[in-house]
Amino acid sequence: MALTLYNTLTRRKEPFDPIDAANVRMYVCGPTVYDYAHIGNARPVIVFDMVFRLLRHVYGAHHVTYVRNITDVDDKINARAAKDFPDLPLNDAIRRVTSATEKQFHDDIAALGVLPPTVEPRATEHIEGMKALCEALVQRGHAYVASGHVLFDVSSMPDYGTLSNRSLEEMEAGARVEVAPYKKGPMDFVLWKPSKQAGEAGNEKSEPAWPSPCGISEPGRPGWHIECSAMSEKHLGPEFDIHGGGIDLVFPHHENEIAQSRCAHGTPVMARVWMHNGFLQVEGEKMSKSLGNFITINELLATKTFGASQWHGRVVRLAMLGTHYRQPIDWTAERLLQARATLLDFADLLSGVDAAGEPNADVVAALSDDLNTPSALSIIHGLAKSAKRNPEGAAELRATLEFMGLYGGETRDELNVGVEVATVDAAKVDTLVAARLAARRAKDFKESDRLRDELAAMGVALKDAKDPQTGEIVTTWEIAR
Ligand code: AMP
Ligand code: ZN
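Parameters and conventions
- Residues numbered from 1 in each chain as written.
- Chains lettered and ligands numbered in written order.
- Predicted model: local features only at pLDDT ≥ 70, side-chain atom pairs only at ≥ 80, totals over all residues.
- Heavy atoms only, no water.
- Helix = DSSP H or I, 4+ residues; strand = E, 2+ residues; numbered from the N terminus.
- Rg over C-alpha atoms; globule rule 2.2 N^0.38 Å.
- Buried < 20%, exposed > 50% of the residue type's maximum accessible area, 1.4 Å probe, protein only.
- Areas by Shrake-Rupley, 256 points an atom, 1.4 Å probe, with all protein chains shown as cover.
- Lys, Arg positive; Asp, Glu negative; His and termini not counted.
- Charge placed at Lys NZ, Arg CZ, Asp CG, Glu CD.
- Donors = N, O, S within 2.8 Å, 3.2 Å for Na, K, Ca; no water.
- Tetrahedral: all angles 85-135°; square planar, octahedral: opposite > 155°, others 65-115°.
- Core = buried A, V, L, I, M, F, W, Y, C linked by side-chain atoms within 4.5 Å.
- Domains from an automatic or database assignment.
- Contact = heavy atoms within 4.5 Å.
- Buried area = accessible area lost by both parts, 1.4 Å probe.
- Salt bridge = Lys/Arg side-chain N within 4 Å of Asp/Glu carboxyl O.
- Polar contact = N/O pair within 3.5 Å; in protein donor to acceptor, adjacent residues only side chain to side chain.
- Nonpolar A, V, L, I, M, F, W, Y, C, P; charged D, E, K, R; others polar.
- Near = heavy atom within 4 Å.
- 1 Å grid on protein atoms, 1.4 Å probe; cavity = no way out; pocket = protein on both sides within 12 Å on 5 of 7 lines; lining within 4 Å.
- Sits in = over half its atoms within 2 Å of the grid points.
- Points joined across faces, edges and corners; volume = space filled by probe spheres on them.
- Pairing = 2+ DSSP bridges.
- Axes fitted to C-alpha atoms, helices over the stretch in contact; angles between N-to-C directions.

Details of the overall build of the chain
Helix and strand counts for the chain stand at 16 helices and 14 strands. Taking 2.2 N^0.38 as the reference for a compact globule, 481 residues should give roughly 23 Å; the C-alpha atoms of the chain span a radius of gyration of 29 Å, well beyond that estimate. C-alpha atoms of the chain, sized along the principal axes, occupy 100 × 60 × 40 Å. Looking at the chain as a whole, 48% of its 481 residues qualify as buried. With the model as given, the accessible surface of the chain reaches about 22500 Å², and the carbon-plus-sulfur share is 51%. Charge centroids of the chain, computed over 52 positive and 66 negative side chains, lie 4 Å from each other.

Written out as structure tokens, the structure reads:
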């Protein structure tokens, strides 16, 4: 099966040709673990899980290595740790924040039908590799030491800017005016930086610190970009097949990863194919805490959002895959409702059906065309139609949905979790309505009003009308919306 993928580096769709078909290698930038992951973060997690599943299908489950890292050294983590655990030494506080957040992330994405990656390295476990990269870059004339920092010298790399398709001149022209005085060029970026010590620059506590590379005597910590260069090298080698992440990471993060890895190893490419998912917005607006539309994966799964008290993880996954990964997604209640209705139909068709055989070949072909999930899903709707008539079709439907992580034997009721259905005891309502009517006829308005209030508290709305023939008052009732 020919696989084609859109490559951000070349800006076109290309046939995928792995370096080693016996070990296809993919790296995806993972979360910075300081807070709950939001539904925008769920997008790359689901999209690249789908790529992982497809690669395993095409090359064999034991012939794919998928690395998704955990960033556990970062200013946002430090700030969170100091705020949440002010009485602990900073390093202990950081460990509390990162281990709790990491566990929450794993629980949340497991509910979305996401497979664990082959390796999930942590930045703090790869500091030596980062230091070795700093040393190599200085030795090869691509980096320099200044004021306790190691900085990458972008002027040393003639094709810096290829991924984001911008020349160094353009970038420099757009650079902010305020450039740190120790930088040789305005676009030079940090590989290693000093850690602030307690008492320094208003800092109450010492930041995490490691012995520095390149002859720097003060302790320090890595810059952001160097982490991924070190972790991908360690687990996938200096050259590998696919590198992924959200579109916002193209510049500067991925551009700088490429600069570091290629210049340190003297290689022509870091990853052959660069894949980027489009952004997710909520009901037409950029997700932000100030707009009040910032929603975490956990809230979607466990609390009231988008008009339901909960959404099942498979519903969230289907809602996400309904749009091609490179397009922007607008996340709405409508999208979730549609996904849920679809999965309920599938669950009805599949109850008592075992998966058999391979996933449908047309679905695999659609996914092999740059992960065309909307096309795959429309083929699946066709499969569901024919599954209504023949049991073999149902078995194939189940195998296909399982392959895509969209079904795991859930019942209709499990998938329908969180639907608000107001239930009332109809017989009791009828009795109360009749009693109210009797009170009215007896002109006991106090009692009839009390009964109306009691019914309202049960969620029942009353409608009084005159019977045109008899002139009698007739009361009907319905569940209040
Ligand atoms: P961060 O923790 O912000 O570094 O993001 C982790 C991953 O989520 C990266 O691959 C980002 O590109 C991606 N991401 C963040 N926000 C969104 C969003 N609104 N839509 C899609 N992807 C996002
Ligand atoms: Zn990265």
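Focus: the coordination of the zinc ion (ligand 2)
Of the protein atoms, only Cys29 (SG), Cys228 (SG), His253 (NE2) and Glu257 (OE) coordinate the zinc ion (ligand 2), at distances of 2.0 to 2.3 Å. What the 4 donor atoms of the zinc ion (ligand 2) show is an angle range of 78 to 129° at the metal, which sorts the shape as irregular. One chain supplies every donor to the zinc ion (ligand 2), and in sequence these donors are spaced C-x198-C-x24-H-x3-E. Of this pair, Cys29 sits in the loop between β3 (24-28) and α1 (39-59) while His253 is found in helix α7 (residues 250-265), placing the two residues 224 residues apart along the sequence.

Notes on the nonpolar core
Counting 76 residues, the largest nonpolar core has Leu55, Trp331, Leu397 and Met404 as its most contacted members. Element by element, the count of residues in this core is highest for α1, at 12 residues. Each of domain 1 (4-277) and domain 2 (280-415) contributes no fewer than three residues to this core. Dropping the residues within four chain positions of it, Trp331 is found in contact with Ile39, Leu280, Gln281, Val282, Glu283, Leu300, Phe306, Val316, Ala319, Met320 and Leu336. In terms of nonpolar packing, the next biggest core, distinct from the first, is built from 41 residues, Met130, Leu163, Val250 and Ala271 among them.

Considering the domain arrangement of the chain
When its domains are assigned, the chain resolves into domain 1 (4-277), domain 2 (280-415) and domain 3 (426-479). Between the C-alpha centres of domain 1 and domain 2 there is a distance of 31 Å. When the buried surface of domain 1 facing domain 2 is broken down by residue, Ile39, Arg43 and Met50 rank first, second and third, together holding 27% of it. Along the contact surface separating domain 1 from domain 2 lie 3 salt bridges. Put simply, domain 1 and domain 2 have 15 residue pairs in polar contact (both at pLDDT 80 or more) between them. Elements with a contribution of two residues or more to the side of domain 1 that touches domain 2: β1 (4-7), α1, α3 (90-111) and β10 (271-277). The residue inventory of the side of domain 1 that touches domain 2, partitioned by class, reads 16 nonpolar, 8 polar and 6 charged.

Some points on the pattern of salt bridges
Per the counting criterion, the structure on display carries 26 salt bridges. A salt bridge links Asp35 to Arg80, with the shortest nitrogen-to-oxygen separation between them at 3.1 Å. Of this pair, Asp35 sits in the loop between β3 and α1 while Arg80 sits in helix α2 (residues 75-84), and the two are 45 residues apart along the sequence. Across the pair Lys289 and Asp35 runs a salt bridge, and its minimum N-O distance is 3.7 Å. Linking Lys289 in the loop between β11 (280-282) and α8 (297-302) with Asp35 in the loop between β3 and α1, this pair joins segments that are 254 residues apart in sequence. Under the relative-accessibility criterion, Asp35 is labelled partly exposed at 21%. Look at the salt bridges and you will find they share partners, linking Asp35, Arg80, Asp84 and Lys289 into a network.

A closer look at the site of ligand 1
The environment of ligand 1 is formed by 13 residues, the closest being Gly40, Asn41, Gly246, Asp248 and Leu280. Contacts to ligand 1 include Gly40, whose backbone N or O atom sits 3.1 Å from a nitrogen atom. Here Asn41 contributes a side-chain N or O atom positioned 3.2 Å from an oxygen atom of ligand 1. Here ligand 1 loses 84% of its free accessible area of 490 Å² to cover by the protein chains. Because more than half of its atoms lie within 2 Å of the grid, ligand 1 is assigned to the largest pocket.

Focus: empty space enclosed by the protein
Space left empty within the atom packing is revealed by a probe, the size of a water molecule, rolled over the atoms. This structure, assessed with the given rule, holds 1 cavity of 30 Å³ or more. The computed volume of the largest cavity comes to approximately 40 Å³. What lines the largest cavity is simply Arg43, Val47, Met320, Leu321, Thr323, His324, Tyr325, Leu371 and Thr373. Of all the secondary-structure elements, those providing two or more residues to the lining of the largest cavity are α1 and α9 (313-321).

Regarding the sheet that holds strand β4 (residues 64-68)
Strand order in this open sheet of 4 strands is β4-β3-β9-β10, and the pairing throughout is parallel. Two strands bound the open sheet, and with one partner strand each, they are β4 and β10. Geometrically, the sheet is characterised by an average inter-axis angle of 20° between neighbouring strands, direction not taken into account. Of the strand pairs in this sheet, strand β9 (residues 240-246) and β10 are connected by 6 bridges, and their pairing is parallel. Residue Gly244 lies in a different strand from β10, and its bridge partner there is Met275.

Here's the deal with the sheet that holds strand β5 (residues 143-146)
Reading across the sheet, the 4 strands line up as β5-β6-β7-β8 and stay open at both edges, with antiparallel pairing between neighbours. Looking along the sheet, the strands with just one partner apiece sit at the ends: β5 and β8 (220-222). Strand-to-strand twist of the sheet, defined as the mean angle between neighbouring strand axes without regard to direction, takes the value 20°. Here 4 bridges tie β5 to strand β6 (residues 149-152), and the two strands are oriented antiparallel to one another. Pairing of Val145 across the sheet is with Val150, part of β6. Lying on the sheet, helix α4 (residues 127-139) is in contact with β5, β6, β7 (189-194) and β8; it crosses β7 at an angle near 120°. Packing of α7 onto the sheet brings it into contact with β6 and β7, and relative to β7 it is tilted by some 85°.

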